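# Residue-level structural notes
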Amino acid sequence: MITVEDWAEIRRLHRSEGMAIKAIARHVGVARNTVRAALASDAPPRYGRGAKGSIVDEVEPQIRALLREFPTMPATVIAERIGWTRSITVLKDRVRVIRPEYRGVDPADRIEYQPGDTAQCDLWFPAPRIPVGAGQVAMLPVLVVTLAYSRFMSARMIPTRTAADILAGMWALIEGVGAVPKRLWWDRESAIGGTGRVHATAATFAGTLATRIVLAPPADPEFKGMVERHNSYLETSFLPGRTFTSPADFNDQLAAWLPRANQRMVRALAPATGSGAGGRPVDHLAADVAAMTALPPVAPTTGWHHRVRLNRDYYVRLDSVDYSVDPAVIGRMVDVHADLHRVHVTCGGRLVAAHDRCWARRQTITDPAHRVQAARLRAAWQQDQAARAVARRHEDGHPVAIRPLSDYDTLFGIDPATFTPGTHDAQSGQSGQGGLEVVR
């Protein structure tokens, strides 16, 4: 077989120089039939080795029989069923080629998103542990929301993945955009719809915003692939080379980086100027927001809310952290409210505690004013008890005796060591109910 260079030279000599086949054969040093074949071929010569058989060929009918009945059977199980003792790699390669013939294919259509229609939401867990105070570090979730039409991305770190904090974070991001998408796409996050149905708290939130939460089908990671890609983008473009001293520092750095991220070129977006290979999310945001629903006149109820009776130790617990409350309302019902930043406690509409929210675990947060108030109330109570003890005196001044109950057992001749409860002596009129005389 001649080389590509000889093939090209033969064609040049014949077509450009007008040389005869015999002269070309003599000049190149090949047979005349080889020259004729080169002139008749429009493609350069290509060496191809004949296909050899594979060690899997003889067991392919057995593989197909198993896949016909069990299309999803793993290759390792197939190897066990057919008694395969050779290399598992060549068997897996053959199964990978054959399996689509029996399992079928599931095509994924490209979705055309309309302005204002959809926002994809997800939780991203960055690997760096963030200092949260009290010598603790934690891997904290970051709520990421992507507007599907404009590809505009917003995100912020939240304390927990509970519904209270997720919904509070969602409201903060939606309020930052300035309008409400018609649909919010979520996977089956436990706080949103882990059972396959939207939880009541999330449904109430959506109803207040006049939007709808759409849950992903089970085992369908591509359902919200856009926000998943943004998670990867954050992982590779935001995190490297950064250090964080607190959740607030993380959010500050993220807020400073997001405007630049939303100015990147995205190939799937139409160019704003009619030329170029893509568009920027920030250029399409206005059209996206214009088609959304306006923000509600009243903000939705988000964050933590619960009512509890204040115990003597004048602390309330929120997410494993104890916060002090004005001890003047001990024994009364108090309402605990918390957002992503602050914890407020009210009693009868009056503010009785306000603290910065602690993101560390199992901590005790005390307002010094509450401790001073508790000491003052404790001293007043002790003085009151002492005054009550002085008041228990006869008119002549000697104290009122407080008789122990055992004196009554002695009076009625009852021995507590041998007395059986519930007995009654009809002759003496004594009863086993506390040693009291029964008068008939």
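Presented here is a report on the structure given in the accompanying data block. (Residues numbered from 1 in each chain as written. Predicted model: local features only at pLDDT ≥ 70, side-chain atom pairs only at ≥ 80, totals over all residues. Heavy atoms only, no water.)

## Thoughts on helix α5 (residues 75–82)
What α5 keeps buried is the set Ala75, Ile78, Ala79 and Ile82. Burial along α5 is one-sided: seen end-on, the buried residues are contained in an arc of 100°. Along α5, exposed side chains directed more than 90 degrees from the buried face belong to Glu80 and Arg81. Structurally, α5 contributes buried residues whose contacts are with α4 (60–69) and α6 (88–98). Positive phi shows up at Gly83, right after α5, with a value of about 70°. (Buried < 20%, exposed > 50% of the residue type's maximum accessible area, 1.4 Å probe, protein only. Helix = DSSP H or I, 4+ residues; strand = E, 2+ residues; numbered from the N terminus. Arc of directions from axis to C-beta. Contact = heavy atoms within 4.5 Å.)

## So, the sheet that holds strand β11 (residues 333–338)
The strand order across the open sheet formed by four strands is β8-β11-β12-β13, and the pairing between neighbours is antiparallel. On the outer flanks of this sheet lie β8 (304–309) and β13 (350–356), each paired with one strand and no other. Pairs of neighbouring strands in the sheet enclose a mean axial angle of 20°, with direction left out of account. Here β8 pairs with β11 via six bridges, running antiparallel. Pairing of His306 across the sheet is with Val336, part of β11. (Pairing = 2+ DSSP bridges. Axes fitted to C-alpha atoms, helices over the stretch in contact; angles between N-to-C directions.)

## As for a positive patch on the surface
On the surface, Lys22, Arg26, Arg32 and Arg36 cluster together into a positively charged patch. Breaking the positive patch down by element, the ones donating at least two residues are α2 (21–28) and α3 (32–40). Considering the arrangement of structural elements, one finds Arg36 in helix α3. (Patch = residues over 30% accessible without salt bridge, like charges linked within 9 Å, V, L, I, M, F, W, Y side chains within 5 Å. Areas by Shrake-Rupley, 256 points an atom, 1.4 Å probe, with all protein chains shown as cover. Salt bridge = Lys/Arg side-chain N within 4 Å of Asp/Glu carboxyl O. Lys, Arg positive; Asp, Glu negative; His and termini not counted. Charge placed at Lys NZ, Arg CZ, Asp CG, Glu CD.)

## Side note on a nonpolar patch on the surface
On the surface, Leu405, Tyr408 and Leu411 cluster together into a nonpolar patch covering about 360 Å² of accessible area. Looking at the secondary structure, you find Leu411 in helix α15 (residues 406–411).

## Here we look at the nonpolar core
Most often, soluble globular proteins keep nonpolar side chains buried together rather than apart. Within the largest apolar cluster, 42 residues are counted, with the highest numbers of intra-cluster contacts made by Phe238, Phe250 and Leu254. Looking at this core, the element that brings in the most residues is helix α12 (residues 247–261), giving five residues. Residues contacting Leu254, with those up to four places away along its chain left out, are Val142, Ala155, Arg156, Leu234 and Phe238. Counting 32 residues, the second-largest nonpolar core is a separate cluster that includes Leu123, Phe152, Ala206 and Leu215. (Core = buried A, V, L, I, M, F, W, Y, C linked by side-chain atoms within 4.5 Å.)

## With respect to the side chain of Gln373
Relative to the helices and strands, Gln373 resides in helix α14 (residues 368–391). If we skip the residues at most four places from it in the chain, Gln373 touches Asp326, Pro327 and Ala328.

## Focus: the packing of α4 against α6
For the pair α4 and α6, the least separation of the axes is 11 Å and the interaxial angle reads 50°. Judged by the inter-axis angle, α4 sits oblique to α6. Regarding α4 and α6, the two cross each other, and that crossing is right-handed. Across the interface between the two elements, Glu60, Ile63, Arg64 and Leu67 from α4 touch Leu91, Arg94, Val95 and Ile98 from α6. Residue classes in the contact of α4 with α6 are distributed as five nonpolar, no polar and three charged. (Parallel < 35°, antiparallel > 145°, perpendicular 65-115°, else oblique. Left-handed = near helix turned anticlockwise from the far one by under 90°. Nonpolar A, V, L, I, M, F, W, Y, C, P; charged D, E, K, R; others polar.)

## Looking at the environment of Ala261
By the secondary structure assignment, Ala261 is in helix α12. In this structure the C-alpha to C-alpha distance between Ala261 and Leu184, which are 77 residues apart in sequence, comes to 22 Å.

## Things to note about the pattern of salt bridges
Applying the stated criterion across every chain yields a total of 19 salt bridges. As a salt-bridge pair, Asp283 and Arg280 come within 2.9 Å of each other at their nearest N and O atoms. For Arg280, a relative accessible area of 28% puts it in the partly exposed group. A salt bridge links Asp322 to Arg317; the shortest N-O distance between them is 2.7 Å. You can call Asp322 buried: its relative accessible area is 16%. Take Arg317: its relative accessible area is 57%, and that puts it in the exposed class. Through salt bridges with shared partners, one network takes in Asp57, Glu60, Arg64, Arg94 and Glu101.

Note that every value here comes from positions in space, so none of it alone points to a role or purpose.
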